[in-house]
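Residue-level listing of the chains:
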Amino acid sequence: MKYASEEKEGPAVEQTEGLAPSAPETTERRGAAPHPAAPHDEQQGTRNRVARSILDHGPSTAAELALRLELTQAAVRRHLDALAAEGVVEPREKRVYGNRGRGRPARAFALTDCGRDAFDQAYDQLASDALRWIAQSAGGGEKGEAAVAAFARARLAAQAEGYREAVEAAEPEARTEALAKALTADGYAATARSAPNPQLGEQLCQHHCPVAHVAEQYPQLCEAETEVFSRLLGTHVQRLATIAHGDGVCTTFIPKAGAGKAAHSTAHTSKTTTASASTAGRNPA
């Protein structure tokens with residue numbers, strides 16, 4: 001589930017930016033006559049509103065949400081149960097200040113870490129600001145670029161150890177596939193496939209890049225990753241395309257043993273070739 005952030009809560013029927021507007025919840029509003037179950041998209045739209053209201057107002061009880069969203073408490077509880085099953089919200093005992101009355105305290109529902117991550121975050125901006133600070137602190141220019149590159153290599157060092165275990169445990173001919181599976185476990189949706197000329201090598205394709213927006217500004221991130229692939233596979237590799245610079249897939253060419261010169265020549269004459277490891281992540285001139 002993906003939600004988008006809004007600067008402030010809208011009117012009673014909220015429109016969550018980035019989502020299709022949901023139909024009015026006529027079957028769930030107070031005083032509404034019984035009606036067949038609402039369509040799935042309407043239910044999902046209401047759930048989005050419930051989660052958004054918790055984000056805006058903090059942990060909330062079903063009664064508070066019902067009042068805020070002009071829904072019945074029964075409808076709100078149904079949506080809260082569904083959100084809890086998805087791991088988006090979790091119940092907590094509502095904190096009571098002063099004397100506590102009789103009876104079981106009302107449960108307040110709060111967003112989980114997973115629920116918060118479903119809303120737009122400013123992580124890309126934070127990462128860009130941090131890398132800019134590193135570059136400026138190092139003196140800018142070439143020194144700044146070198147400092148960012150050093151950070152990128154250090155960032156991948158621990159990550160690469162996990163990949164190394166997977167690669168070294170595989171047979172030589174299956175190592176690219178093993179690396180692809182390890183990358184997929186880290187969210188890169190990677191696959192391994194034959195190059196256009198299978199005799200020359202393979203292609204490692206990453207269909208998703210979690211840091212694509214930041215790598216667009218700092219290609220050192222792509223360069224460090226390419227260097228790691230080269231070390232793990234024990235051969236020179238070449239970046240043919242990157243998501244960070246507008247390509248649909250990050251593609252890395254991995255030559256077969258003994259096909260070095262021919263593979264190198266083929267990769268350089270390919271129309272899709274963008275760079276070798278030293279310029280990975282940058283668009284061709």
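Relevant structure appears above.
Conventions adopted
- The numbers attached to residues start from 1 for each chain and follow its sequence in the written order.
- Given that the model is predicted, a residue must reach a pLDDT of at least 70 before its local features are reported, and side-chain atom pairs must reach 80 or more before they are shown or counted; all residues, however, enter totals for whole chains, interfaces and linings.
- With hydrogens and water stripped out, all remaining heavy atoms of the structure feed into the side-chain values.
- Per the convention used, a helix needs a DSSP run of H or I reaching at least four residues, while a strand needs a run of E reaching at least two, with both numbered from the N terminus.
- The contact definition used throughout considers only heavy atoms, calling two residues in contact when any of these lie within 4.5 Å.
- Only the protein chains shown count as covering a residue, and every accessible area follows the Shrake-Rupley method with a 1.4 Å probe.
- Here the expected length of a helix is defined as 1.5 Å per residue gap, with one fewer gap than residues.
- Burial here depends on accessible area, computed with a 1.4 Å probe over protein chains only, as a share of the maximum for the residue type. Under 20% is buried, over 50% is exposed, and the range in between is partly exposed.
- As used here, the arc is the angular range of directions from the helix axis to the C-beta atoms.
- Strand pairing requires that DSSP identify at least two bridges connecting the strands.
- Criterion for a salt bridge: a side-chain nitrogen of Lys or Arg within 4 Å of a carboxyl oxygen of Asp or Glu.
- To qualify as a nonpolar core, a set must consist of buried Ala, Val, Leu, Ile, Met, Phe, Trp, Tyr and Cys residues joined through side-chain atoms within 4.5 Å.
- Fitted lines through C-alpha atoms give the axes, limited to the stretch in contact for helices. The angle between two N-to-C directions lies from 0 to 180 degrees.
- Orientation categories follow fixed angle ranges, with anything under 35 degrees roughly parallel, anything over 145 roughly antiparallel, 65 to 115 roughly perpendicular, and all other angles oblique.
- Two helices crossing with the near one rotated counterclockwise from the far one by less than a right angle form a left-handed crossing, whereas a clockwise rotation gives a right-handed crossing.
- Think of it as three bins: nonpolar holds Ala, Val, Leu, Ile, Met, Phe, Trp, Tyr, Cys and Pro, charged holds Asp, Glu, Lys and Arg, and polar takes everything else, Gly as well.

Colleague: Is there a simple way to explain the overall build of the protein chain in this structure?
Modeller: From N to C terminus, the protein chain includes 10 helices and seven strands. When contacts within the protein chain are restricted to residue pairs at least 6 apart in sequence, long-range pairs at least 24 apart make up 55% of them. A total of about 16,000 Å² of accessible surface is found on the protein chain, and carbon and sulfur atoms cover 53% of it.

Colleague: Sorry if this is basic, but what is going on with helix α5 (residues 123–137) here?
Modeller: Helical periodicity: at 3.6 residues per turn, an α-helix aligns residues three or four positions apart in one direction. The end-to-end C-alpha distance of α5, which contains 15 residues, comes to 21 Å, matching closely the 21 Å that a straight helix rising 1.5 Å per residue would cover. For α5, the full list of buried residues reads Ser-128, Leu-131 and Ala-135. End-on, the buried residues of α5 take up no more than an arc of 70°, which puts them together on one face. The outward face of α5, more than 90 degrees from its buried face, is lined by the exposed residues Tyr-123, Leu-126, Trp-133 and Gln-136.

Colleague: What exactly am I supposed to notice about the pairing of strand β3 (residues 107–111) here?
Modeller: Each regular strand shows side chains that alternate between the opposite faces of the sheet. Counting buried residues along β3, four of its five residues qualify, which places the element largely inside the surrounding structure. Sheet topology note: the strand β1 (residues 60–61)/β3 ladder contains two bridges and is antiparallel. Considered in β3, the bridge of Ser-60 is made with Phe-109.

Colleague: Hey, could you run me through the pattern of salt bridges in this one?
Modeller: One side chain can pair with another of opposite charge once the charged atoms of both are near each other. Under the counting rule described, the total for this entry stands at six salt bridges. Residues Arg-92 and Glu-90 are paired through a salt bridge, measuring 3.2 Å at the closest nitrogen-oxygen approach. We classify Arg-92 as partly exposed; its relative accessible area is 41%.

Colleague: Honestly, the sheet that holds β3 in this entry has me stumped. Any pointers?
Modeller: Strand pairs in the sheet, formed through backbone hydrogen bonds, run parallel or antiparallel to each other. Taking strand neighbours across the sheet as the criterion, the three strands line up as β1-β3-β2 in an open arrangement whose pairing is antiparallel. Two strands in the sheet have a free side with no partner beyond their single neighbour: β1 and β2 (89–93).

Colleague: What exactly am I supposed to notice about the nonpolar core here?
Modeller: Taken as a class, soluble globular proteins show a tendency for nonpolar side chains to be buried jointly. Grouped together as the largest cluster of nonpolar side chains are 28 residues, with contacts concentrated most on Leu-131, Tyr-163, Leu-179, Leu-183, Leu-204, Leu-221 and Phe-229. Secondary structure elements with two or more residues in this core: α5, α6 (141–168), α7 (175–185), α8 (212–217) and α9 (220–233). Per-element accounting of this core gives the leading share, seven residues, to α9. Excluding anything up to four places from it in sequence, Leu-183 contacts Tyr-163, Tyr-188, Ala-189, Ala-190, Leu-204, Gln-206 and Phe-229.

Colleague: I keep staring at the environment of Glu-216 and nothing clicks. Help me out?
Modeller: If you trace the backbone, Glu-216 turns up in helix α8. Sequence separation between Glu-216 and Ile-243 is 27 residues, and the spatial gap between their C-alpha atoms is 8.6 Å. Residue contacts for Glu-216: discarding those within four places in its chain leaves Ala-244 and His-245.

Colleague: Please explain the sheet that holds strand β7 (residues 250–255) as it appears in this structure.
Modeller: Strand order across the open sheet formed by four strands is β4-β5-β7-β6, with antiparallel pairing between neighbours. A single partner strand is all that each edge strand has here, and the edge strands are β4 (190–194) and β6 (238–241). Looking at each pair of strands side by side, their axes are set apart by 25° on average, direction ignored. Bridge count for β6 against β7 is three bridges, and the pairing is antiparallel. Across the sheet, the residue bridging to Ala-241 is Thr-251, located in β7. Contacting β4, β5 (201–206) and β7, α7 crosses the sheet at an angle of about 160° to β4.

Colleague: What should I look at first to understand the packing of α7 against α9 in this one?
Modeller: Packed helices, taken two at a time, are described by their axes: the angle between them and the distance between them. It is the contact of α7 with α9, at a shortest axis distance of 11 Å, that shows an interaxial angle of 135°. What the angle tells us is that α7 and α9 run oblique. Of the two elements, α7 crosses α9, and the hand of that crossing is right-handed. Residue-level inspection shows Arg-175, Thr-176, Leu-179 and Leu-183 of α7 in contact with α9, the latter providing Phe-229, Leu-232 and Leu-233.

Colleague: Would you mind showing me how to read the packing of α6 against α9 here?
Modeller: Two elements in contact, α6 and α9, have axes separated by 8 Å at closest approach and are oriented at 35°. Remark: the crossing between α6 and α9 carries right-handed chirality. Where α6 abuts α9, its residues Glu-145, Val-148, Ala-149, Ala-152, Arg-153, Leu-156, Ala-160, Tyr-163, Arg-164 and Val-167 lie against Gln-220, Leu-221, Ala-224, Glu-225, Glu-227, Val-228, Leu-232 and Leu-233. In the contact of α6 with α9, the residues fall into 12 nonpolar, one polar and five charged.

Function cannot be read off these values alone, since they describe shape.
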